[in-house]
Structure formats: C-alpha cells, structure tokens
Amino acid sequence: MPDQRSLPVRVLDHPASYVAHGLLALAGLFYFGYLVATWVPFAIKQLKSSYLIFFFHFPNALNTFVFFGGCLGGSVLFLITKQPRWDRWARCSAEVGVMAGFVLLATGMTWAKAAWDHWWVWDDPRLMSAAVMMLTYLGYLTLQAGIEDPHKRRTFSAVFGVLAFLNIPIVHKAIEWFGETSHPPKLDGLSDPSIIATRWFGVLVFLILYLLLLRWRQSRLTTTEEIEDALDRIRRLEEAPR
Amino acid sequence: MNPLRAYFSLVRWDWAREWKRKETLIAMAMMSLITLFIFSVAMPPVQEVLEDTRGGILWVTFVLAGTVGIDRAFRGDGDGRLLTGLLLSPVGRGTVYYARITSTMLGVVLMEAMTLGLFMLLFDQSLEWEGLLVVVGVTLAATLGFVAVGVILSAMTWSLRGGDAILRILLFPLLIPLLSAAVHATNEAFAGRPIGFQPVAVIGAFDLVFIGAGQLLFEFVVDGTETGT
C-alpha cells in the first residue's frame, strides 16, 4: 500500500531524521560544554565557582516553561478540535517539561547547597514555584495514566492542562509575596554579552535535545494508540451480531 | 426556564436532600475534628508555637475536611445518577456549575464555622471583632476559589477508579497560592495586624481566574463524561 502521509510527516518519521536530530543535539551539547568551560577561570576568579551551574539551570528553567506552554497549547487545541494528536502533543510536552523541571530542581538544589549549605530552602520563591509547578504536572501525568477510556482521558487531561498552566503566575506571585527572596542576586559581570550569549545558546541546545525526546515519545505513543485502536475495532467486530 | 430561578431551585433541591441525610456534613465535621486533634499531638499546642501556626492549622483543616464535601459534589449515591439528573434538567450547564459551587460551598462554610469555633475553644484563641470580620471575609473569599476549582475536578474524578485519591493529587497543588495567601491573612488577623493588599490580590485573582475558567471548562468536562460512559 502506498504511503499516503504528507511529505513533511514522512521526512520527520524517517529514522534518518532522528539520527540527524540526535547528532545535532550531541554536537550542540559538546559545543555548549566547551563554551561553559571557557568561563571556568573567570567564574572562579570573579564569581563563585558554583555559579557555573547556572549555565545549566537557566536553560532548563526556560525549557520547562516552553514545554508546559506546549502542554497548554495541545490541551486547548484538543478541546477545540477533538483530534487525538493534540492530546498526544500535550501529554508528551508535559512529560518532557517534567523532565526539564527535574533538571531545573536538581541544579537549583545543588546551587542552594553550594550557596547556603542546605539542599532545600523553603522560603526561596523560585525553587518553591518550580516545585509546586512540578507537583501540578505530575498530577497531570497521574490523570493521563489513571483513566482507561480514551475520550474521557483526553478531555479531562486537556481541562486539567489548562487549569495547571493558569495557576503558574498566581503560584509565582503568591510565593514571592509570602516567602522571603533568597534567590541568587544579580552579580557583577553577568551582564557581559558573551555570558548572556552562552546562556541563550544553552537554551537553544537544551531545546533541540528536548524536542528530540518529544518527537521520540510522540512517535511511540502514536504507534501504541494506533495498535490499541485497531485491537478495539477487532474486538467490536468480533462482538457484533452476525 | 429562567436561569436565576433554575439556579435557586437546584440549590434548594440539593440542600433539601443533604439536610435530610446530613451524610456529607457529618463526614466533613468528623474529618475536621479529627484533624484538629491530630494537630494537637503533632505540635506542642502552646501559645508561642500557635502564634505562627494558627492560620496554617485552620486552613489545613478547612482543606482536608472541605475536600470530603467537594469529593461528593457529583458522586451522589455513587452511581452517577446525580450528574445525569442534573444534566437532564432543562437548565444551562453554566447554571448547573454555579448551583453546584453554591450548594457545595454552603456545606464547606458550615464546616469552617464549626472548625473556627472549635479551634478557638480547644486551642484557647481569641479574636477582636475586627479580626473576626477579616477572618470571615478571607475565609469566604478563599473558600469560593477552593470550591470553584474543586467542583470542576470533582466532576472529572467522581467516576474514576481511585477518583477520590486523584482528586486530591490534582487539587492540592493548585491550591497552594490560595492557601499561602489565606494562611498569611489569617495569621495577621489573629495577631491584630492589617492584612494588606497582597493576600486580597492573590485570593481575588485565584477566584476570578478559576471561576471564569471553570465555567468555560465545565462544558467540556460534561461532554467527556457523557460520551465516555
């Protein structure tokens, strides 16, 4: 049977595109590592060496938001169009967002240990906001995993995907107001254009890496759902009166 | 049917039902009493400790006991006939949503009034009239947001296997900003200090965002429930 999918879909689904994407991510990570390494002497001399973790913390913080935003987009589009692919998009975005969120929390905690000698500080608004956001999206994934009926699962998850994202700014403001700020203050030298460029290059590299994970998860989920749909159709045909 | 009249009839019908059986009210009251006693053994109930923690004790109790009521907002007798009945009634989905928020909130507020009285009695706390008014205002405003988001989640989870646990897993993280504002304001009111603008802004924003989103999303939840079962 000829492949009826559109050309971009066929290109994106081709194994070679995953290999190319993976190589791009790998090359980006290596170059990013090299860039960060060039900052080591400066960081040790003028800042605290623990500052280096910020090069990994910042890209993951932004990417967490990007992928949780992707979950919101997929949820809204699913509610409007009812097409399962938007639910898959939302679900995979949430999974990748949670992964980036774990890296965000791990790097944040490492920084906290180096700076304040505590792994966890309850009054830091950004660490707390990130943790609350993670709890909310872990709830989203629990909901996705906990419902068998596909229509219910997709609809309810999409509704929660919208609620979860709406809460983020309120969480941030509330914790900022009712906690005490102890997040790293702005240090001299951080406004250096090449430091900013390194930081944003990190955002791009991690985005490429996480997009690869998103594509991989989505393609696996699509296959799983197609098999489940086919089995469901066979079951219904067998049960139908002859 | 006039939406306002439909709204009042739904709330009245609900309350007539609950008042006859009092199942949810009793469950919430028991949960609240038990939580207060757990707090009394979990931390030394002395004045110095309570000065910083009374807002937290009250709100954790409100939320744990209130969730029992919210969990039952659509569960009814456990067979789902309550939601089906509501949807078959000739009223708009928005009216059903607001009526459900109102009748659930009435139960939760009754539990909160009882909890506040018991807390002040058992933990030897006192409030000036102004402080009491502030606590009542903050409690009503924050309970509105709590119930509004809870009702939407309850409509989603009542029919799921392990739905009561899923409800709590979804609801509690969403409530954290509301709780931090309400706890802060309650502590300030007990201490006789003005609560300031910030808790009011957070609670107000939470109420507006989640009531608005709730009304829009309730339609989809109902659609998911109807075609999924």
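Residues numbered from 1 in each chain as written. Chains lettered and ligands numbered in written order. Predicted model: local features only at pLDDT ≥ 70, side-chain atom pairs only at ≥ 80, totals over all residues. Heavy atoms only, no water.

Novice: Can you walk me through the overall build of chain A in this structure?
Specialist: Helix and strand content of chain A: eight helices and zero strands. From first element to last, N terminus to C terminus, chain A shows the α and β order α-α-α-α-α-α-α-α. The buried share of chain A, taken over its 242 residues, is 42%. Once local pairs closer than 6 in sequence are excluded, the contacts in chain A between residues at least 24 apart make up 78%. Per element, the accessible surface of chain A, about 13000 Å² overall, is 68% carbon and sulfur. (Helix = DSSP H or I, 4+ residues; strand = E, 2+ residues; numbered from the N terminus. Buried < 20%, exposed > 50% of the residue type's maximum accessible area, 1.4 Å probe, protein only. Contact = heavy atoms within 4.5 Å. Areas by Shrake-Rupley, 256 points an atom, 1.4 Å probe, with all protein chains shown as cover.)

Novice: How should the overall build of chain B be read in this particular structure?
Specialist: Along chain B, the regular secondary structure elements total eight helices and zero strands. For 229 residues, the compact-globule estimate of 2.2 N^0.38 gives 17 Å, and the C-alpha radius of gyration of chain B, at 18 Å, lies within 12% of that figure. Considering chain B as a whole, with its 229 residues, one finds that 51% of them fall into the buried category. The long-range share in chain B, meaning contacts at least 24 apart out of those at least 6 apart in sequence, stands at 82%. (Rg over C-alpha atoms; globule rule 2.2 N^0.38 Å.)

Novice: Would you take a moment to explain the confidence of the model for chain A for this structure?
Specialist: Do not read the fine detail of predicted coordinates wherever pLDDT is low. Scored by pLDDT, chain A comes out at a mean of 85, with 90% of its residues at no less than 70. Within chain A, the lowest mean pLDDT, 67, falls on helix 3 (residues 40–46) of chain A, and the highest, 93, falls on helix 4 (residues 54–81) of chain A. (pLDDT = per-residue confidence, 0-100.)

Novice: Any chance you could explain the interface of chain A and chain B here in plain terms?
Specialist: Quite often, the size of an interface is put as the accessible area lost when its parts meet. The interface of chain A with chain B comprises 28 residues on the first partner and 36 residues on the second. Here chain A meets chain B over a buried area of about 2800 Å², counting both sides, of which 80% is carbon and sulfur. Broken down residue by residue, the surface that chain A buries against chain B is led by Phe156, Leu163 and Phe178 of chain A, which jointly contribute 23%. Taken together, the connections running from chain A to chain B amount to one salt bridge. Summed over the shared surface of chain A and chain B, the number is three residue pairs in polar contact (both at pLDDT 80 or more). Of all the secondary structure elements, the ones that give two or more residues to the side of chain A that touches chain B are helix 6 (125–146) and helix 7 (150–178) of chain A. (Buried area = accessible area lost by both parts, 1.4 Å probe. Salt bridge = Lys/Arg side-chain N within 4 Å of Asp/Glu carboxyl O. Polar contact = N/O pair within 3.5 Å; in protein donor to acceptor, adjacent residues only side chain to side chain.)

Novice: Help me understand the side chain of serine 32 of chain B in this model?
Specialist: Among the structural elements, serine 32 of chain B can be located in helix 2 (residues 23–42). Excluding residues that lie within four positions of it along the chain, serine 32 of chain B makes contacts with Thr61, Ala65, Met111, Met114 and Thr115 of chain B.

Novice: Help me understand the nonpolar core, please; the structure alone is not making it clear to me.
Specialist: Side chains of a nonpolar character, in soluble globular proteins, are inclined to be buried together. If you look at the biggest cluster of nonpolar residues, it comprises 106 residues, and the most contacted ones within it are Tyr137 and Leu163 of chain A together with Leu153 of chain B. Ignoring sequence-local partners within four residues, the contact set of tyrosine 137 of chain A consists of Phe68, Cys71, Ala94, Val98, Gly161, Ala164, Phe165 and Ile168 of chain A. Counting 19 residues, the second-largest nonpolar core is a separate cluster that includes Val36, Phe58, Leu214 and Leu221 of chain A. (Core = buried A, V, L, I, M, F, W, Y, C linked by side-chain atoms within 4.5 Å.)

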